[in-house]
Amino acid sequence: MHNDRHDEPLSDDELKLFIQYLHRFANHDVDIFAQIEAGYPEHPVYVLFGRDYPPIGEASDYHRPFTSHRTPTSTADINDGG
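Conventions used here
- Residues numbered from 1 in each chain as written.
- Predicted model: local features only at pLDDT ≥ 70, side-chain atom pairs only at ≥ 80, totals over all residues.
- Heavy atoms only, no water.
- Pairing = 2+ DSSP bridges.
- Helix = DSSP H or I, 4+ residues; strand = E, 2+ residues; numbered from the N terminus.
- Patch = residues over 30% accessible without salt bridge, like charges linked within 9 Å, V, L, I, M, F, W, Y side chains within 5 Å.
- Areas by Shrake-Rupley, 256 points an atom, 1.4 Å probe, with all protein chains shown as cover.
- Salt bridge = Lys/Arg side-chain N within 4 Å of Asp/Glu carboxyl O.
- Phe/Tyr/Trp six-rings, centres within 6.5 Å; stacked < 30°, edge-to-face > 60°.
- Buried < 20%, exposed > 50% of the residue type's maximum accessible area, 1.4 Å probe, protein only.

A. How the structure looks around the pairing of strand β2 (residues 45-50). As defined by bridge partners, strand β1 (residues 33-38) adjoins β2 across six bridges and the pair is classed as antiparallel. Within β2, the residue paired with Glu-37 across the bridge is Tyr-46. With antiparallel pairing between neighbouring strands as the criterion, β1 and β2 make up a hairpin whose turn holds six residues, including Gly-39 at a positive phi of roughly 90°.

B. Local environment of a nonpolar patch on the surface. A surface patch of nonpolar side chains, about 360 Å² in accessible area, is lined by Leu-10, Leu-15, Phe-18 and Phe-66. Its location among the elements puts Leu-10 in the segment before α1 (12-28).

C. Spotlight on the packing of aromatic side chains. A full pass over the atoms with the stated rule returns one aromatic pair. Ring centres of Phe-25 and Phe-49 lie 5.4 Å apart, and the angle between their planes is 70°; on these two criteria the pair is classed as edge-to-face. Linking Phe-25 in helix α1 with Phe-49 in strand β2, this pair joins segments that are 24 residues apart in sequence. Judged by relative accessible area, Phe-25 falls into the partly exposed class, the value being 24%. Among the residues examined, Phe-49 registers a relative accessible area of 19% and is labelled buried.

Take a look at the structure:
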């Protein structure tokens with residue numbers, strides 16, 4: 001996949017779509033864990049998605065984008081962004 005807009009931030013609509021795709025990815029493609037390197041090679045971002053490990057810090061420190069509070073995963077709706 002090629003995109004010439006790497007130097008631009010996501011629009012609000014793109015960010016919402018990204019969060020929806022991320023939610024689907026986490027529910028359907030992350031069995032135990034997935035480790036990903038993204039961003040520019042000279043300034044990479046390392047991302048770990050995991051189900052077997054406790055979160056760093058408290059679970060309450062994490063929030064779901066586009067919602068006013070943290071919603072348990074089992075009741076999340078793909079249409080609310082989380």
